[in-house]
Amino acid sequence: MTIQAGINASGAVKFSITIEPGQEEMWFALRDLPNAKKGFTADDLAHVAGVKPSLAEIYLNLLANAGAALRVGTTDGRKDLFAIVRHQVEPVVLTVKGTPSQDYEMRRAMWTVIRTADTFTIKSLWDTVRQHIDLTRKQVTFFVQHLHEAGYLAPLFGDCRGEEEFMLKPGMNTGRYPPRLCETSLVYDINRRAFYGTALAREVRL
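Structure report, in brief. Everything numeric here is computed off the predicted structure, so don't read it as measured data. (Residues numbered from 1 in each chain as written. Predicted model: local features only at pLDDT ≥ 70, side-chain atom pairs only at ≥ 80, totals over all residues. Heavy atoms only, no water.)

### Let's talk about the nonpolar core
- In this structure, Met110, Leu125 and Leu153 are the most contacted members of the largest nonpolar core, which totals 24 residues.
- Broken down by secondary-structure element, the contributors of at least two residues to this core are α4 (102-116), α5 (122-129), α6 (137-149) and β7 (165-168).
- Per-element tally for this core: the top contributor is α4, with 6 residues.
- When near neighbours in sequence (up to four residues on either side) are disregarded, Leu153 contacts Ile114, Phe120, Val144, Leu147, His148, Phe166, Met167, Leu168 and Lys169.
- Judged by nonpolar contacts, the second largest core, of 23 residues, contains Ala29, Ala56, Ala69 and Ile84. (Core = buried A, V, L, I, M, F, W, Y, C linked by side-chain atoms within 4.5 Å. Buried < 20%, exposed > 50% of the residue type's maximum accessible area, 1.4 Å probe, protein only. Helix = DSSP H or I, 4+ residues; strand = E, 2+ residues; numbered from the N terminus. Contact = heavy atoms within 4.5 Å.)

So, in structure tokens, the structure goes:
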């Protein structure tokens, strides 16, 4: 998917940021397939999700090996047919080895707490989440810093506060699924005070 960025005051050319849809997006796309329970190919999923057929095939094979999808046959062109028996709300995100993604589970757990807590500190968030999933304080800090820099969080100040405290801005409580953390690179032209290029955003892990 491609996101168009704004144009600056000097009228410089717009730039765009492109990100490859991840497993979350592919799982959501499975729900839009009319034949999801009868049989579809990796090409069908790739078309709906906007990914390369090779990536869709890798994901479907991971799902099948993990028991989240079934291989139900082949097409006349000898392409595997897959089916999803149960469309659970939570995306199935797997590692290259086919195991549940620890990175996704950490982000999901932290995001759930952040969305439901009135306020939180890094310590209180860590103490709450690590009761359910193994993660380090450094990983919690990394996630919170990214959300803060992206404008999701409002820092709270006051003499009675010890460790820095945050709250999720009401307008940034965007939904149940955790944000993906990304980084990218662009060219900044000091002569025109403008960014240029098409940047590929890469997902970073905790």
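The rest of the description comes next.
### A few points about the pattern of salt bridges
- Counted by the stated rule, this structure contains 9 salt bridges.
- For the salt bridge of Asp127 with Lys123, the shortest nitrogen-to-oxygen distance reads 2.8 Å. With Asp127 and Lys123 both in helix α5 and 4 residues apart, the pair spans about one turn of that helix.
- The partly exposed category is assigned to Lys123, whose relative accessible area is 40%.
- Asp127 is the partner of Arg130 in a salt bridge, and the nearest nitrogen-oxygen pair spans 3.0 Å.
- According to the relative accessible area criterion, Arg130 is partly exposed, its value standing at 43%.
- When salt bridges with common partners are traced through the structure, they connect Glu24, Asp103, Arg107 and Arg205 into a single cluster. (Salt bridge = Lys/Arg side-chain N within 4 Å of Asp/Glu carboxyl O.)

### Topic: the sheet that holds β7
- With respect to topology, 3 strands assemble into an open sheet ordered β5-β7-β6, the strand pairing being antiparallel. Looking at which strands have only one partner, the edges of the open sheet turn out to be β5 (120-121) and β6 (153-156).
- Contacting β5, β6 and β7, α6 runs over the sheet at an angle of about 105° to β6. (Pairing = 2+ DSSP bridges. Axes fitted to C-alpha atoms, helices over the stretch in contact; angles between N-to-C directions.)

### Here we look at the packing of helix α2 (residues 42-49) against helix α3 (residues 53-65)
- Between α2 and α3, the shortest axis-to-axis distance is 8 Å and the interhelical angle comes to 115°. α3 is crossed by α2, and the crossing has right-handed handedness. Of the residues in α3, those touching α2 at Ala42, Asp43, Leu45 and Ala46 are Pro53, Ala56, Glu57, Tyr59 and Leu60.
- Split by residue class, the contact of α2 with α3 holds 7 nonpolar, no polar and 2 charged. (Left-handed = near helix turned anticlockwise from the far one by under 90°. Nonpolar A, V, L, I, M, F, W, Y, C, P; charged D, E, K, R; others polar.)

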